[in-house]
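# Notes for the structure review
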Amino acid sequence: MDILDGLNDAQREAVTVTQGPLLILAGPGSGKTRVIVYRVAYLIKVCGLSPRRILAVTFTNKAAREMKERLNQLLPGSAQELTVGTFHAFCARVLRTQGQHIGLDHNFVIYDDEDQLNLVKRSLLDLNLDPKHYPPRPILSAISAAKSQLQSPEDFAQGVSTYHQEVVRRVYTRYQELLRESKGVDFDDLLMQTVLLFQSQPSVLESYQSRYLHILVDEFQDTNIVQYLLAKQLAAKHQNLCVVGDPDQSIYSWRQADLRNILNFEKDYPQVRVVYLEQNYRSTQNILQLAQHVIASNQQRKPKNLWTLNPSGTPITMVQAYNEDEEAQFVISEVERLMKDGFQPKDCAVMYRVNAQSRSLEEAFLRYGMPYKLVGGIRFYERREVKDIIAYLRLIHNPYDNLSLARVINVPGRGIGTRTVEQLFAWARQKGLPVYTALQLLAQAEEGREEELNIAQAPSLAPRSHRALMGFLNLANELMTQGDTLDVLSLMDLILEKTGYREYLLEAGNEGEERWDNILELRSVAREHAHLPPQEGRASFLESVALVSDQDELDVTANAVTLITLHAAKGLEFPVVFIVGMEEGLLPHFRSLDDVAQLEEERRLCYVGMTRAKKELYLVRALRRSLIGSSGPTLTSRFIKDLPSNLVRYRREGEERKVAVPSRPAPRPTTTFSAGDRVRHSRFGEGVVVNCTPARGDQEIVVAFKGPAGIKKLLLSFAPLEKVP
DNA sequence: CTGGCAGCGATTTTT
DNA sequence: TCGCTGCCAG
C-alpha cells in the first residue's frame, strides 16, 4: 500500500516535502492530524529514517497519545522509539538528565499553577507586602510572562518603569530564590531553563541537535516565545523544522502564546515552504460558511479560502431562551428530538465560555435524566486531598521542598498553627536552612546540645507547639527512612496509614467518601509505578502527576452528551454542537471588551466552537441570565448579529418545545451495584460487575458480559441493567 | 490552636 | 454564589 493514497494535493505536499523548514497552515477539519501522522510515517517508511531521529511536539499529552496510536496503526511498532510529547514533558526529560550543568538537583520537583500561586503569596509575605494591595494572581501572570520571554529577574529589572512593576520585580526575585531553595522548578522554568541550558552548554545542545533530524510542532499558533526559541535551537543544525497551525484558532494568548511566532517563522527561515490545507472534511457547507462569515470580521488575519465537498446540510439554528434554565431545557429537548433522527447523546456537545455555565446545564441534565459527561471543572490533580498526598511524597523525595512541607505540616491537623509555622519558617530562613533541616536541628536542641550546636536563638515555642512539631518530624523521618526501601504505592499506603488520612477525610463530612475515592484513584496511578525501584518509581510518579492534566480520558464509550468549555473543545469534533450563552459579556467575555486584540481572540474562540460541528450547529442565548448572584437582561453577542439569512433559521424557545420536554422526574438510580454483582442487560445478556465508580450523581459500571459483548462501561441511569440473584 | 461565622470581594480560558 | 479572610469564643 502506498502511504500517499487518499491524500489531496496539498496534504501530499505537506507530507512529502521533507527537506528544510515547512509551514503548514491548516484550516479546521482539514486533516491536519492525519497529515502529521502520515508525514512521520513517510519519513520512516519512505525516507528510511529511524523513528528515534524524529521529535514531534504536541499541545497536550492526549494529542501525543493519539498520535502514537495512529502511527502504530499505520506502521506497527514504529511509535515506540519516536519522541512525542508536549514541550513541557520534553523539557522535563532534558532537565532531569542534563540539569546538573546549570545547578539543578536531580530530584527537582515540578510546581504547578497552584504551587506557583502559593510561592507568590509567600514571596509577598517575606517582603512585607500586603496581598490585598498586590493581588497574587496578576503578579504571577507578570512573572510567567517574563519567563515566557526568557527574562530573568535581572533582565526584568531593566524594563521597570512603574511602581507596580517594581513590586513585580521584587516578588519575582524572591520567588526565584524560594524556588531554588526548594530545589523546585515551575512550569515556566521547565521551558526557560532548558533554553538557558542549551545556550550555555553547546555540547549538550549539539547532542540533541544531532539526534533529531526532523522536528514537528503541532498547534504552532499556541506556542509562546520560549517554545519557539527551543524549537529553533533544536532545529538549528538540520533546519528540518515543520510547524503546523492555524492563526484563526489561536486562543491562548493569555498563556503567553504569541502569534508573532508564525510571522517570525517566515522571517527566520526565508526559504520556508508554505502549504495551505483548505479543504474541509468535517462540516456541512452551511456550518463552514457561517464560521467563515464570523471570523472574517477580524482585522488581524490572513484571509483563507476554506471549502468543502460536503453537502450543505441543515441551516444553523438560532435560539433565544428566557433564562439559563430554559436554555438548558432547550438543549435537552433538542437532543431528545435528534435521537429520533438517529443521533445519539454521545454525538452531541454543549460548549460554553466559562466553567460556571456548566452548573445550570448539569442541574437540568440530572433533572431530566439525560446522561452527560463534564469535561474540565476541578481537575483531578488539583483536588485538595490528592495534592496533600502528593505533597507528602514530594517532601519525602526532596526534603528541601519547603512548599510541600508547609502544605502538610498540619494536615491532618496535629496542633501546629500558623503562628508556629511562621516562627519555624522565619528561623529556618534566618539560619539559611531548609525547613526540614531546621526541624531536625530543633530536635537536637531538645536533647540539650544547644551550646555545642550554637543554636541558642532557636524560636521560643510553647512546649505544646514544640511537641507537635517533633511529632511531625518523627513522622517525616520515619516516612523518609521507609521511603528508601518501599515502592511508591507501599509508601503512599504508609503515608495514609501513619497520618490517619482516611479517618481525617471521613470525619470531615459528607464529601469524605468521594474524597477517599479520589485517593484510591491516586493509588491506582501509583500502582503503575510500583514495579520500579523506590527512588525511580517515586520520581516517575511525581513527574507524571505534575505534567498530566486530564488523567481520565474523555470517556468515548459512555453514551452521554459532552459538556465542555470552548477552549477545551479545540481539536475535537462532534456531529451536533450547541454553543450556549451567545451574549455580550459572556462571548465575548466582558474582560475582553476594552481591547481589540482580546476581542479578536474571543471571536476566534467562537470560530473554534462553530467549526467543531459536523452536521448540526445551534447558537443559543438567554434573554436573562444570572451569573454572579444577580440576574439581568442580556444583549445578543455581536458575533451572531447580521448573519447571512440563507444560513440560519430562528427559533424561539418555549412554544412547541415545552410539550416535547419529558417531565419524567429524574430516573435517579434506584438500585446500586457493586463489584461482583451478577447482572442482566437487555441487549448484552448476563455478566458480572467488575468495577463501579460514582460519576456526578450517577454511577459508572464496568461489566464483563458472558456473551460476545465482552467488557462494557455503562452509566447506571441509562443502562437497562437488573440484578440477577 | 481550632472551628464557626460574618462580611467582603471577585468573578476566564489551562499546558 | 461562592470562597476566602479575619475575628471571636471555647
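Everything below is about the structure printed above this text.
First, a word on what this report is: a plain description of the structure on this page. (Residues numbered from 1 in each chain as written. Chains lettered and ligands numbered in written order. Predicted model: local features only at pLDDT ≥ 70, side-chain atom pairs only at ≥ 80, totals over all residues. Heavy atoms only, no water.)

### Details of the overall build of chain A
Short version of the rule: Note on conventions: DSSP H or I runs of at least 4 residues are helices, E runs of at least 2 residues are strands, and numbering of each starts at the N terminus. Type-normalised accessible area, obtained with a 1.4 Å probe on protein chains alone, sets the label of each residue: buried when under 20%, exposed when over 50%, and partly exposed for intermediate values. Contacts between residues were defined by any pair of non-hydrogen atoms, one from each residue, lying within 4.5 Å. Each accessible area value is a Shrake-Rupley result obtained with a 1.4 Å probe; residue values ignore everything except the protein chains displayed when judging cover.
Of the regular secondary structure elements, chain A holds 27 helices and 24 strands. Counting across all 725 residues of chain A, residues that qualify as buried make up 55%. Contacts spanning at least 24 positions in sequence make up 76% of the contacts within chain A whose residues lie at least 6 apart. As presented, chain A carries roughly 32,100 Å² of accessible surface, and 50% of it is formed by carbon and sulfur atoms.

### Looking at the side chain of His 88
Here His 88 lies in helix H4 (residues 87–98). Assessed through its relative accessible area of 16%, His 88 is described here as buried. Sequence-distant contacts of His 88, defined by excluding residues within four places in its chain, comprise Phe 187, Leu 190, Leu 191, Gln 227 and Leu 547.

### Some thoughts on helix H22 (residues 488–499)
Definition in use: A helix is expected to span 1.5 Å for every residue after the first.
Between its first and last C-alpha, H22 extends 16 Å over 12 residues, near the 16 Å set by a 1.5 Å rise per residue. Listed as buried for H22 are Val 488, Leu 489, Leu 491, Met 492, Leu 494, Ile 495, Leu 496 and Thr 499. Packing partners of the buried residues in H22 comprise helix H16 (384–397), helix H21 (463–483), helix H23 (501–508), helix H24 (512–527) and helix H25 (534–547). A positive backbone phi angle near 60° is found at Gly 500, which sits one or two residues after H22.

### Topic: the pattern of salt bridges
Note the cut-off: Within this document, salt bridges are pairs made up of a side-chain nitrogen of Lys or Arg and a carboxyl oxygen of Asp or Glu, the two lying within 4 Å of each other.
Using the criterion set out here, one finds 45 salt bridges in the structure. A salt bridge links Asp 115 to Arg 394; the shortest N-O distance between them is 3.0 Å. Pair noted here: Asp 115 is in helix H5 (residues 113–126) and Arg 394 is in helix H16, with a separation of 279 residues, a long-range link. An identical accessibility class is assigned to Asp 115 and Arg 394; each is buried. A salt bridge links Lys 302 to Glu 266, with the shortest nitrogen-to-oxygen separation between them at 3.3 Å. Of this pair, Lys 302 sits in the loop between helix H13 (285–295) and strand S10 (307–308) while Glu 266 sits in helix H12 (residues 260–268), placing them 36 residues apart in sequence. Here the salt bridges share partners, and the residues they tie into one network are Asp 112, Glu 114, Asp 115, Lys 387, Asp 388, Arg 394 and Arg 407.

### Focus on helix H18 (residues 418–431)
The end-to-end C-alpha distance of H18, which contains 14 residues, comes to 20 Å, matching closely the 20 Å that a straight helix rising 1.5 Å per residue would cover. Phi for Gly 432, located one or two positions after H18, is positive at around 70°.

### Details of the packing of aromatic side chains
So the rule is basically this: Side-chain rings of Phe, Tyr and Trp, where Trp is taken by its six-membered ring, are said to pair if the distance between their centres is within 6.5 Å; with planes under 30 degrees apart they count as stacked, over 60 as edge-to-face, and otherwise as tilted.
Taken as a whole and judged by the stated rule, the model has 15 aromatic pairs. Geometrically, the ring pair formed by Phe 365 and Tyr 372 is edge-to-face, given 5.7 Å between the ring centres and 65° between the ring planes. Take Phe 365: its relative accessible area is 0%, and that puts it in the buried class. Considering the side-chain rings of Tyr 501 and Tyr 504, the 5.2 Å spacing of their centres and the 55° angle between planes classify their relative orientation as tilted.

### Focus on the packing of helix H6 (residues 136–148) against helix H8 (residues 163–181)
Worth spelling out the cut-off: Axis lines are fitted to C-alpha atoms, over the contacting stretch for helices. Their N-to-C directions set the angle, which ranges from 0 to 180 degrees. The labels follow the angle: roughly parallel below 35 degrees, roughly antiparallel above 145, roughly perpendicular from 65 to 115, and oblique for the rest.
Direction vectors running N to C along H6 and H8 enclose 75°, while the axes themselves pass 10 Å from each other. Taken together, the axes of H6 and H8 lie roughly perpendicular to each other. On H8, the residues that touch Ile 139, Leu 140, Ala 142, Ile 143, Ala 146 and Lys 147 of H6 are Val 167, Val 168, Val 171, Tyr 172, Tyr 175, Gln 176 and Leu 179.

### A closer look at the pairing of strand S12 (residues 348–352)
To be explicit about the condition: Should DSSP find at least two bridges between two strands, the strands are regarded as paired.
By the criterion of burial, S12 is predominantly enclosed, with 5 of the 5 residues buried. Residues Cys 348, Val 350 and Tyr 352 of S12 are buried on one face, and the alternating residues Ala 349 and Met 351, pointing to the opposite face, are buried as well. Looking at chain direction, S12 and strand S15 (residues 574–579) are connected through 4 bridges and run parallel. Residue pairing in the sheet places Cys 348 in a bridge with Val 576 of S15.

### Focus: the sheet that holds strand S6 (residues 214–217)
Spatially, 6 strands are ordered S3-S2-S6-S7-S1-S8 in an open sheet, and the strand pairing comes out parallel. Of all the strands in the sheet, just strand S3 (83–86) and strand S8 (273–277) have a single pairing partner and so form its edges. Taken over all neighbouring pairs, the strand axes of this sheet differ in orientation by 15° on average, direction set aside. As judged from the 5 bridges shared by strand S1 (residues 22–26) and S8, these two strands associate in the parallel manner. Across the sheet, residue Ile 24 finds its bridge partner in S8, namely Val 275.

### Things to note about unusual backbone geometry
With glycine set apart, most residues show a phi of negative sign, and most peptide bonds adopt trans. Backbone torsion omega between Val 411 and Pro 412 reads -5°, so that peptide bond is classified as cis. Tracing the backbone shows Pro 412 in the loop between helix H17 (402–408) and H18. Cis rather than trans, the peptide bond between Leu 587 and Pro 588 has omega equal to 5°. Position of Pro 588 relative to the elements: it lies in the loop between S15 and helix H26 (596–610). Unlike most non-glycine residues, Asn 128 shows phi in positive territory, near 60°. If you trace the backbone, Asn 128 turns up in the loop between H5 and H6. A relative accessible area of 73% means that Asn 128 is categorised as exposed. Of note in the backbone geometry, Leu 150 takes a positive phi value of approximately 70° without being a glycine. Inspection of the secondary structure assignment puts Leu 150 in the loop between H6 and helix H7 (153–158). When its relative accessible area of 17% is taken as the criterion, Leu 150 is described as buried.

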